[in-house]
Amino acid sequence: MNWYVVYTKPKWEKKVAEQLTQKGIECYCPLVTQVRQWTDRKKKVQVPLFNSYVFVHLDEADRNLVFQVTGVVRYLFWLGKPAVVLDQEINTIKEWLGSSDKYDVSLAPMQVGDRIKVASGPFKSQSAIVQEVGKSHYVLILESMGCVLKMKLK
């Protein structure tokens, strides 16, 4: 059995996770507590760590069962195959969210001007600045090497 990533309708993560659980499908929707401001009050709310994503744990043959649930759009694909998340990665997220240390967490896509460290490939561990963000590529400036790198997303 593998962990797969299900893409949901916007703001449907908790509803989808609840419906999957009712159908007997093991799922995980990591939640974080944030303080939200309304005009008349502040309130702590539980929001998904990953917008529009729910992790499901099932066999390859049972993957179509999730489409019986309202709010499920599709599976997340990586390199032409359904994205598989390792048990270790799910456990790391659970441990991190369950720790007593409190963090203000938010996810944001890379933006122009961000300073990053290349994680893999021939330029691994090189510091870079994001120059351009496209739908299918990133353009990075590798200052230490004096060159521009265009990375295509697959």
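An account of the accompanying structure is given in this report. (Residues numbered from 1 in each chain as written. Predicted model: local features only at pLDDT ≥ 70, side-chain atom pairs only at ≥ 80, totals over all residues. Heavy atoms only, no water.)

## A few points about the pattern of salt bridges
Charged atoms that come close allow side chains of opposite charge to pair.
Thinking step 1. Applying the stated criterion across every chain yields a total of two salt bridges.
Thinking step 2. One salt bridge connects R41 with D40, and the closest N-O pair in it is separated by 3.1 Å.
Thinking step 3. Residue class for D40 comes out exposed when judged on its relative accessible area of 58%. (Salt bridge = Lys/Arg side-chain N within 4 Å of Asp/Glu carboxyl O. Buried < 20%, exposed > 50% of the residue type's maximum accessible area, 1.4 Å probe, protein only.)

## Points about the nonpolar core
Thinking step 1. Core analysis: the biggest nonpolar cluster contains 15 residues, and L20, V54, V56, L58, V66 and Y75 have the highest contact counts within it.
Thinking step 2. Those elements that provide at least two residues to this core are strand 1 (2-8), helix 1 (13-22), strand 5 (53-58) and strand 6 (72-75).
Thinking step 3. Formed by eleven residues, the second largest nonpolar core is a distinct cluster that contains V5, Y28, V32 and V47. (Core = buried A, V, L, I, M, F, W, Y, C linked by side-chain atoms within 4.5 Å. Helix = DSSP H or I, 4+ residues; strand = E, 2+ residues; numbered from the N terminus.)

## Here's the deal with helix 1
Thinking step 1. If you check which residues of helix 1 are buried, you get E13, V16, A17 and L20. All buried residues of helix 1 lie within an arc of 100° about the axis, which places them on one face of the element. Those residues of helix 1 that are exposed and angled more than 90 degrees off the buried face are E18 and Q22.
Thinking step 2. On its buried side, helix 1 packs onto strand 1, strand 2 (26-28), strand 4 (42-48), strand 5 and strand 6.
Thinking step 3. Directly beyond the C-terminal end of helix 1, a positive phi value near 85° is found at G24. (Arc of directions from axis to C-beta. Contact = heavy atoms within 4.5 Å.)

## Regarding the pairing of strand 12 (residues 137-142)
Thinking step 1. The element strand 12 is largely enclosed, with a buried count of five among its six residues.
Thinking step 2. In this structure, strand 11 (residues 127-133) lies alongside strand 12, joined through four bridges in antiparallel fashion. Along strand 12, the bridge assignment pairs I129 with I141.
Thinking step 3. Taking the residues between adjacent antiparallel strands as the criterion, strand 11 and strand 12 are bridged by three residues. (Pairing = 2+ DSSP bridges.)

Take it as geometry only, folks, not as evidence of what the structure does.
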